[in-house]
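An overview of the molecular structure
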Amino acid sequence: ILCTWSMENEDGLSLLRFHGIISREQADELLGGVEGAYILRESQRQPGCYTLALRFGNQTLNYRLFYDGKHFVGEKRFESIHDLVTDGLITLYIETKASEYISKMTTNPIYEHIGYATLLREKVSRRLSRSKNESRKTSVTNEEHAAVEKISSLVRRAALTHNDNHFNYEKTHNFKVHTFRGPHWCEYCANFMWGLIAQGVRCSDCGLNVHKQCSKHVPNDCQPDLKRIKKVYCCDLTTLVKAHNTQRPMVVDLCIREIEARGLKSEGLYRVSGFAEHIEDVKMAFDRDGEKADISANIYPDINIITGALKLYFRDLPIPVITYDTYPKFIEAAKISNADERLEAVHELLMLLPPAHYETLRYLMIHLKKVTLNEKDNFMNAENLGIVFGPTLMRSPEDSTLTTLQDMRYQKLIVQILIENEDVLF
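Residues numbered from 1 in each chain as written. Predicted model: local features only at pLDDT ≥ 70, side-chain atom pairs only at ≥ 80, totals over all residues. Heavy atoms only, no water.

Labelled according to an unreviewed UniProt entry, the protein chain appears under the name Beta-chimaerin, originating from Crocuta crocuta.

Put into C-alpha cells, the structure is as follows:
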C-alpha cells in the first residue's frame, strides 16, 4: 500500500512505501483487509523503530523491521522490502497450510533408503567400477520409488559406506545457508524447499542440500568431494584425508618421506628455518598440484625448506592436530607430578582425538622418534623437538597471549612425552 507523501529516509526504507508514525489501528485500516498487502510505518510506541505491517490470515501481523545494508525481520536478509514480504508470505502460507506435514517430514526420510544424494556419477565412477556401482545401489520398493522419482535429478550419489578403499573416518557435514536458484528438493526428506532466498543449507565439503531442520538429523557421514576442496593448507584435517581417500594428509606423508630420505642427520633439523619464500613455494605447490607436488632435492636442496613446509601445514590447520576440545585436558595432564599417572592420563586423552588426528599424530611421533635416534648428528632430542612442535601441534582455544606464554612449557612437555613414549602411547 503506497504512501504518496512519503520520502526515502536515512535507513534506506523504500520511497513511497513509508507511512511515518501511525498506530496499529491506522495500519490495519490502511491495509483494508487485503490479503498479502503491507505497509511500512514508524512505531507509535517506540519512535525511531520501524515496523512492517502485513495482512495475512485475515489479521494484520506487525514485525519489527531492521536495516544493516539489507532489510530483515529474522535471520534472512533482503535487498528490498518487497523480496522480504514475498519470502515471508511464502513461509507463512506453507507453515499455516502444512504445519502438521512439516512436523512429520523427518520421520521417514529418503536418506535412509538411498544414502545421501551428492555426486553419484562423478564420485562413484572414480572409485568403483560400473559393476560395483550397480550392485551397491540400495534397492527401493515401488512405493518408495514414487517418492524418490520426483528428486531423481538431485540424487547424484549412492551411499559409499561400504567402499573398501575409503578410510571410514566419521565427519560432520559443514552446512552453510544457501540460496537455491529455481525449484529445489531436500536430499534428506525429499520435500520441496520453499522460500525466495536461503531456502535451506548446503554442505560446502560434499554438496549435500537439505532443509535447515533436516540438517539436525543428517548423520556424520560427509564424504568430501575433491572438486570442492580448493586447497591443501588451511583445510580441515579430516576433510582433506577423506577427500583424498588417505589415512593421513598427503602433505605429512610426502614431507616426512623426503625428510627421512635425506635429512635425518641434518644439524638442527626442524629448529633451523628455511627461506620463507621457498616454504611458501612448497605450500603453493601442494595447493596447486596436491600429491603430485615436486619437493625433491632437485627443486629444494635445503631440507629445512621441507621441514618448514611441514610445520607450516600444522600451524595453518583450522583445528590443530591436538584439538581445541582436548587442549585444556592435555595441559592439565601435563601438570600431573607423578610420571606414571601423567603417562596414563595422556594415553586416555589420545583416545579422545578424532581418528584422522590420532593417526596423523601417531605417524608424526614415529618420525620424530627417528629424528631423536640421530641426535648425535642433528643435535635434536625429544625436549628440543617438544619446544619446536608444542605450539605447532596444540593451540589454546583462547586467543590470549598470556595464556599462550603460560602454557608453552606444558605444550613442550606433552610433545616430549609423546615422542619418548611413542611405542607405549600409540
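Let us keep going from here.
Regarding the overall build of the protein chain
For clarity, the threshold we go by: Only DSSP runs of H or I reaching four residues or more are called helices, and only runs of E reaching two or more are called strands; each is numbered from the N terminus. Any pair of residues with heavy atoms lying within 4.5 Å of one another is described as a contacting pair. Here the accessible surface of atoms and residues is derived via Shrake-Rupley with a 1.4 Å probe, and residues count as covered only by protein chains that are part of the display.
From N to C terminus, the protein chain includes 18 helices and 8 strands. Sequence separation of 24 or more characterises 63% of the internal contacts of the protein chain that already satisfy a separation of 6 or more. For the protein chain, the accessible surface area stands at approximately 21,800 Å², while carbon and sulfur atoms represent 51% of it.

Overview of the packing of aromatic side chains
Rule in force here: Classification of ring pairs rests on two measures: the distance between centres of Phe, Tyr or Trp rings, Trp counted by its six-membered ring, which must be within 6.5 Å, and the angle between planes, read as stacked under 30 degrees, edge-to-face over 60 and tilted in between. Summary of the burial criterion: residues with accessible area below 20% of their type's maximum are buried, those above 50% are exposed, and those between are partly exposed, where the area comes from a 1.4 Å probe applied to protein chains only.
Enumeration according to the criterion identifies 7 aromatic pairs in this entry. Pairing Tyr233 with Phe286 gives two aromatic rings, centres 6.5 Å apart and planes at 35°, and the pair type is tilted. Of the two residues, Tyr233 is situated in the loop between strand 8 (209-210) and helix 8 (237-244) and Phe286 in helix 10 (residues 276-289); the sequence distance between them amounts to 53 residues. Residues Tyr233 and Phe286 agree in their burial class; the two are buried. A ring pair is formed by Tyr233 and Tyr313, whose centres lie 5.6 Å apart and whose planes are at 90°; its orientation type is edge-to-face.

Looking at helix 12 (residues 327-334)
The cut-off we apply is this: Within this analysis, the arc is defined by the directions that extend from the helix axis to the C-beta atoms.
When helix 12 is considered as a whole, its buried residues turn out to be Tyr327, Phe330, Ile331, Ala333 and Ala334. Mapping the buried residues of helix 12 onto a view down its axis gives an arc of 160°, with all of them on the same face. Those residues of helix 12 that are buried lie in contact with helix 13 (339-350) and helix 17 (401-420).

Describing the sheet that holds strand 7 (residues 200-203)
Stated precisely, the cut-off is as follows: DSSP calls a pair of strands paired once it identifies at least 2 bridges connecting them.
Spatially, 3 strands are ordered 6-7-8 in an open sheet, and the strand pairing comes out antiparallel. In the strand order of this sheet, the two ends are held by strand 6 (175-178) and strand 8, each with one partner.

Structural notes on the nonpolar core
Our working rule: Take the buried residues of types Ala, Val, Leu, Ile, Met, Phe, Trp, Tyr and Cys, join any two whose side-chain atoms come within 4.5 Å, and each joined set is a nonpolar core.
If you look at the biggest cluster of nonpolar residues, it comprises 67 residues, and the most contacted ones within it are Tyr270, Phe286, Phe314 and Phe389. Here this core takes 8 residues from helix 11 (residues 303-316), the largest share from any one element. Ignoring anything within four residues of it in the chain, the contact list for Tyr270 reads Ile259, Thr307, Leu310, Lys311, His367, Leu368, Val371, Leu385, Val388 and Phe389. If you look at the next biggest cluster of nonpolar residues, it comprises 17 residues, including Met105, Tyr111, Val201 and Cys206.

Quick word on the pairing of strand 7
Of the strand pairs in this sheet, strand 6 and strand 7 are connected by 4 bridges, and their pairing is antiparallel. Within strand 7, the position partnered with Phe175 by the bridge is Cys203.

Overview of the pairing of strand 2 (residues 38-43)
Where we set the bar: Here a crossover is taken to be right-handed if, once the strands point away from the viewer, the path from the first strand over the helix to the second is traced clockwise.
A large share of strand 2 lies buried, amounting to 6 of its 6 residues. With 3 bridges connecting them, strand 1 (residues 18-22) and strand 2 associate as parallel partners. Residue Ile21 lies in a different strand from strand 2, and its bridge partner there is Glu42. Read as a crossover between parallel neighbours, the route from strand 1 over helix 1 (residues 24-31) to strand 2 is right-handed. Inspection of the sheet shows strand 2 paired to strand 3 (residues 50-56) by 5 bridges, in the antiparallel sense. Paired with Tyr38 across the strands is Leu54, a residue of strand 3. Hairpin connection from strand 2 to strand 3: 6 residues lie between these consecutive antiparallel strands, with Gly48 at a positive phi of about 95°.

Digging into unusual backbone geometry
Note: most residues except glycine have negative phi, and most peptide bonds are trans. Its identity is not glycine, yet Ala190 carries a phi of approximately 70°, on the positive side. As for its placement among the helices and strands, Ala190 is situated in the loop between strand 6 and strand 7. For Asn245, which is not glycine, the phi dihedral falls at a positive 60°.

Quick look at helix 16 (residues 382-393)
What counts here: Here a polar contact means two N or O atoms within 3.5 Å. Within protein one must be a hydrogen donor candidate and the other an acceptor candidate, and residues neighboring in sequence count only if both atoms are side-chain atoms.
Along helix 16, the residues that are buried comprise Ala382, Leu385, Gly386, Val388, Phe389, Gly390, Thr392 and Leu393. Residues of helix 16 that are buried in the fold lie against helix 11, helix 14 (355-372) and helix 17. Sitting at the head of helix 16, Asn381 places a side-chain oxygen 3.1 Å from the backbone nitrogen of Glu383.

A few points about the packing of helix 12 against helix 17
Heads up, the condition is: Geometry is summarised by axes, namely lines fitted to C-alpha atoms with helices restricted to the contacting stretch, and by angles between N-to-C directions that run from 0 to 180 degrees. When describing relative orientation, an angle under 35 degrees is termed roughly parallel and one over 145 degrees roughly antiparallel, while 65 to 115 degrees is termed roughly perpendicular and anything else oblique. By the convention adopted, Pro, Cys, Tyr, Trp, Phe, Met, Ile, Leu, Val and Ala count as nonpolar, Lys, Arg, Asp and Glu as charged, and the other residues, Gly among them, as polar.
Where helix 12 contacts helix 17, the axes come no closer than 9 Å and their chain directions differ by 85°. It follows from the interaxial angle that helix 12 and helix 17 lie roughly perpendicular. Contact residues: helix 12 offers Tyr327, Phe330, Ile331 and Ala334, while helix 17 offers Asp407, Tyr410, Gln411, Leu413 and Ile414. Classifying every residue of the contact of helix 12 with helix 17 by side-chain character gives 7 nonpolar, 1 polar and 1 charged.

Regarding the sheet that holds strand 4 (residues 59-67)
Whenever strands of a sheet pair, they do so through backbone hydrogen bonds, lying parallel or antiparallel. Here 5 strands make up an open sheet; going across it, the order is 1-2-3-4-5 and the pairing mixed. The strands lining the two open edges of the sheet, one partner per strand, are strand 1 and strand 5 (71-72). Where strand 4 and strand 5 come together, 2 bridges link them in antiparallel fashion. Within strand 5, the position partnered with Phe66 by the bridge is Phe72. With respect to the sheet, helix 1 is in contact with strand 1, strand 2, strand 3 and strand 4, its orientation differing from that of strand 2 by roughly 165°. Running over the sheet, helix 2 (residues 81-97) touches strand 2, strand 3, strand 4 and strand 5 and is turned about 45° from strand 3.

Some words on the side chain of Glu258
Note on placement: Glu258 falls in helix 9 (residues 250-262). Exposure remark for Glu258: the relative accessible area of 17% places this residue in the buried category. Reaching out from Glu258, the side chain makes a polar contact with the side chain of Arg262 at a distance of 2.7 Å. The residues contacting Glu258, other than those within four sequence positions of it, are Gly263, Ile295, Ser296, Ala297, Ile303 and Ile306.

Some words on the side chain of His184
One can find His184 in the loop between strand 6 and strand 7. Using a relative accessible area of 13% as the deciding quantity, one classes His184 as buried. There is a polar contact of 3.5 Å between the side chain of His184 and the side chain of Asn209.

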